[in-house]
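# Coordinates in review
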Amino acid sequence: MPDSSAQNWKSAWEAAVMPTYGTPAIELVSGTGSRVTDSDGKEYIDLLAGIAVNALGHAHPAVVKAVSDQIATLGHTSNIFAHPQVITLANKLRDLISPDAHVFFSNSGAEANEAAFKTARLTGKSRILAAEHGFHGRTMGSLAMTGQPAKRAPFEPMPAGVEFYPYGDLDALRALIEVAPDDTAAVILESVQGETGVVPAPAGFLAGVRELCDEFGALMIVDEVQAGMGRTGQWFGYQADLPTGVVPDVVTLAKGLGGGLPIGACVAATPAGQLLSAGQHGSTFGGNPVSCAAGNAVIDTVLAEDILANVNAQGEYLRTELGALDAVDHVRGRGLMLGVVLTGPRPGFAAAALDAGLLLNQPADDVLRLVPPLNITDTDVHDAIDILKELL
Ligand code: PLP
């Protein structure tokens, strides 16, 4: 039996795990729905969902069954061989995004963005324009496109060719493209910047980026790793701004896609979806049958249980209740991807929330990020609001 006393698991973590994350405050051992339990037996309401991952909460029967059945049937094939789950999932994503798309499966969001980066380079042009304050992952390519200099600095030199524009500023983006219009391969952006504090693009920005990309023949890459798969109350965040039928050239996904299993996807409409050819990219685990089975279960369940309606209803309720508090300046974001902007800095708020039985995170001292399971119940939302009211 592992020793779960706080003293012991913390020192065991520090002795064995690289210090990339700092030592966690609690050790989680189980979860059901939007509730998790730590190794001292304390229960929490989970408004973080493994950082916007557990779309159906913890231990959802559909995911448990899909994953259990698949691992008991065929656990891994590599991409030297096909299997039914990967084809089914690719087709579901085509149905949701673009019927002529082709899909590359990865294991994470950063890797989905690597595939997008390499796709952009195969246009024969070199420049990739990325948004200031954006976040695309920690691998070298995705980090190069991440608009947060402090995260890049220790690892310079970055892969070359990435330049940054102010998020939301179409004139500045046009001016940057015009520096070398014939060499601009792609523009990348999040529909809602998540890591930087849940900052949605201003209305009209994505539609304007689509027009600029069309005008200059550049790929529009939308990183939906965090905002995608229903989190904003639509399947993808870009749908709030792009007219029906208008899609990005490349959409990257991960997080909610696998409902807790590691999977990412780079979904590229024609012709971008056929730029990467045999032998140019790959992943041993990408499109693994178990992860794809989880992805199929997530999509089927979101559709069958009309979970997008729940995302919109619970999101609206949280927004109204929290927005009315004196300590809250405003609530931004969409659906169940919310940034609660406080009237002033409250360093340590996330730790206080943890003590009070609530998991959330705090991307800045004055912002709380709420990204709970998409199927969170009325009871869990009410209880979470009660705790937040007390604390705020
Ligand atoms: N892109 C966005 C928008 C993200 O929010 C994240 C992670 O937070 C990533 C990419 C990286 O995903 P991963 O951590 O799965 O590599």
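Residues numbered from 1 in each chain as written. Predicted model: local features only at pLDDT ≥ 70, side-chain atom pairs only at ≥ 80, totals over all residues. Heavy atoms only, no water.

So, on to the overall build of the protein. A count of helical and extended segments in the protein gives 13 helices and 17 strands. Taking 21 Å as the expected radius of gyration for a compact globule of 392 residues, we find that the protein reaches 21 Å, a close match to that expectation. Taken across its 392 residues, the protein has 51% of its residues classed as buried. Within the protein, counting contacts between residues at least 6 apart in sequence, those at least 24 apart form 70% of the total. (Helix = DSSP H or I, 4+ residues; strand = E, 2+ residues; numbered from the N terminus. Rg over C-alpha atoms; globule rule 2.2 N^0.38 Å. Buried < 20%, exposed > 50% of the residue type's maximum accessible area, 1.4 Å probe, protein only. Contact = heavy atoms within 4.5 Å.)

Considering every residue of the protein, the mean pLDDT works out to 97; 99% of them sit at 70 or more. Model confidence for the protein, summarised as mean pLDDT per element, is weakest for helix α1 (residues 6-16) at 91 and strongest for strand β10 (residues 219-223) at 99. (pLDDT = per-residue confidence, 0-100.)

To continue, consider the packing of aromatic side chains. The description of an aromatic ring pair uses the distance of the two centres, along with the angle that the planes make with each other. Scanning all chains against the criterion turns up three aromatic pairs. Look at Y165 and F205: their rings are 6.4 Å apart centre to centre, the planes differ by 40 degrees, and that puts the pair in the tilted class. Of this pair, Y165 sits in strand β6 (residues 162-165) while F205 is found in helix α9 (residues 205-216), placing the two residues 40 residues apart along the sequence. What makes F205 buried here is its relative accessible area of 2%. With a centroid separation of 5.6 Å and 5 degrees between ring planes, the pair formed by F236 and Y238 is classed as stacked. For F236, a relative accessible area of 0% translates into the label buried. For Y238, a relative accessible area of 2% translates into the label buried. Among the aromatic side chains, those forming a connected cluster through ring pairs are Y165, Y167 and F205. (Phe/Tyr/Trp six-rings, centres within 6.5 Å; stacked < 30°, edge-to-face > 60°.)

All right, on to the site of the ligand then. In the vicinity of the ligand, the residues found are S108, G109, A110, N113, F135, H136, G137, E190, D223, V225, Q226 and K255. Within the backbone of G109, an N or O atom sits 2.8 Å from an oxygen atom of the ligand. One of the side-chain nitrogen or oxygen atoms of K255 is found 3.2 Å away from an oxygen atom of the ligand. Protein contact buries 81% of the 390 Å² of open area that the ligand shows by itself. (Near = heavy atom within 4 Å. Polar contact = N/O pair within 3.5 Å; in protein donor to acceptor, adjacent residues only side chain to side chain. Areas by Shrake-Rupley, 256 points an atom, 1.4 Å probe, with all protein chains shown as cover.)

Across the sheet, which stays open at both edges, the four strands sit in the order β13-β14-β17-β16 with antiparallel pairing between neighbours. The outermost strands of the open sheet, each flanked by one partner alone, are β13 (328-334) and β16 (361-364). Mean inter-strand twist for the sheet, computed between neighbouring axes without regard to direction, equals 25 degrees. Of the pairings in the sheet, the one linking β16 to strand β17 (residues 367-370) comprises two bridges and is antiparallel in character. Paired with N361 across the strands is R369, a residue of β17. Strands β13, β14 (337-342) and β17 of the sheet are contacted by helix α11 (residues 307-323), whose axis makes an angle of about 165 degrees with β13. (Pairing = 2+ DSSP bridges. Axes fitted to C-alpha atoms, helices over the stretch in contact; angles between N-to-C directions.)

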